[in-house]
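Listed below are the residues making up each chain.
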Amino acid sequence: LLLFSLSSFAQIGAKVTYLANDGFMIEHAGSKIIIDGVFGNIHEAWCDSPSDSLIELLQQSEAPFKGVEIVAVTHYHRDHFNSTLMMSFLKQHSETTLICPKQVDSILQLERDYGRIRKQIIAITPEFLKDSVLHVADMEVRILRLEHSHYLVEDTITGEAWNKHRKVENIGFVFKLDSLSFFHSGDANPLNEEEFKTFRLDKEELDIA
């Protein structure tokens, strides 16, 4: 039912499941984490969409999505996050914590049943070139503010190009769980050298990125 087969990392006992687009589920030491994997069909050709069967499993709280401790969202774009599916998932998984930017939480607040899941949400958006460290479900989670990659469009009056994504709150995650350390960048700008030098990810001894 998953779009791609499982890949195992035997040396650290971790399993990574590709869901769609930038969405992954990581399993290690009895814990499960989903990053950018709770979203719906895009019906366009510019990204992978989750299959109908995968979406149904998410909505119905069926295996392999039982026991997910953390759902992380890097930003609010529809190929990373869907508010209706997320609401359904969190209501089915009262033990799950959502970590997301404040913009994502603002969108969820528009959902009718937000009051039922608000205590499950940690909404955090560090300033640029800043980070924060959380401890959730026996995991250390480092939150990095990373500029969203640029999408240039032409101003219809001046003809000048401007970055459509300049106000998008994109955050990266470094998870440390038992012997495993892994990083997810969301849609970070790979040309922003200042960010990556500042956050010194080379010192994190990452197992998976």
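Per chain, the residues get numbers from 1 upward, laid out in the order the sequence is written. Totals for whole chains, interfaces and linings use all residues, but because this is a predicted model, local features are given only for residues with pLDDT of at least 70 and pairs of side-chain atoms are given and counted only at 80 or more. Think of the side-chain values as coming from all heavy atoms in the structure, minus any hydrogens and water.

K.L.:
Which residues make up the nonpolar core, and what values do they have?
P.N.:
Of all hydrophobic cores here, the largest spans 25 residues; its most connected members are Ile34, Phe65, Val71, Met86, Leu98 and Leu108. In this text, helices come from DSSP runs of H or I with a minimum length of four residues, and strands from runs of E with a minimum of two, each type numbered from the N-terminal end. In terms of residues, this core owes the most to one element, helix α2 (residues 83-92), which gives five residues. Note on definitions: a residue-residue contact is assigned when non-hydrogen atoms from the two residues lie within 4.5 Å. Among all residues touching Ile34, those that are not within four sequence positions of it are Leu19, Phe24, Met25, Leu58, Phe65, Val68, Ile70, Val71, Ala72 and Phe89. Only buried residues count toward a nonpolar core, which is a set of Ala, Val, Leu, Ile, Met, Phe, Trp, Tyr and Cys residues joined through side-chain atoms within 4.5 Å. Summary of the burial criterion: residues with accessible area below 20% of their type's maximum are buried, those above 50% are exposed, and those between are partly exposed, where the area comes from a 1.4 Å probe applied to protein chains only. Within the second largest apolar cluster, 21 residues are counted, among which are Ile33, Ala72, Val141 and Phe182.

K.L.:
Which residues make up the sheet that holds strand β9 (residues 139-145), and what are the values?
P.N.:
Two strands pair under a simple rule: DSSP has to find at least two bridges between them. Pairing is antiparallel across the open sheet formed by four strands, whose spatial order is β8-β9-β12-β13. Two strands close off the open sheet at either side, each with one partner strand: β8 (131-136) and β13 (180-184). In this sheet, adjacent strand axes meet at a mean angle of 15 degrees when their direction is disregarded. Relative to β9, β8 is paired through six bridges, and the arrangement is antiparallel. Bridge pairing in β9 links Asp131 to Leu144. A fitted line through C-alpha atoms represents every axis, and for helices the fit uses only the stretch in contact; the resulting angles, taken between N-to-C directions, go from 0 to 180 degrees.

K.L.:
Tell me about the layout of surface pockets, and please be specific about residues and values.
P.N.:
Over the atoms rolls a probe the size of a water molecule, and in doing so it shows where empty space is left. Within this model, the largest pocket holds a volume of roughly 280 Å³. For each structure, a 1 Å grid was placed over the protein atoms alone; sets of points admitting a 1.4 Å probe that cannot get out are labelled cavities, open sets with protein on both sides within 12 Å along at least five of seven lines are labelled pockets, and lining residues have an atom within 4 Å of a point. Lining the largest pocket are 13 residues, and of these Trp46, His77, His148, Tyr151 and His165 lie nearest its centre. Put simply, the second largest pocket is a space of about 220 Å³. Residue lining of the second largest pocket: 13 residues in total, with Phe24, Phe183, His184, Ile208 and Ala209 positioned closest to the centre. For the lining of the second largest pocket, the secondary-structure elements that each account for two or more residues are β3 (23-28) and β13. In terms of residue count, β13 provides more of the lining of the second largest pocket than any other element does, three residues in total. Residue composition of the lining of the second largest pocket, by class: nine nonpolar, three polar and one charged. Grid points are joined across faces, edges and corners, and a volume is the space filled by probe spheres set on the points. Ten residues, namely Ala, Val, Leu, Ile, Met, Phe, Trp, Tyr, Cys and Pro, are considered nonpolar, four, namely Asp, Glu, Lys and Arg, are considered charged, and the remaining ones, Gly among them, are considered polar.

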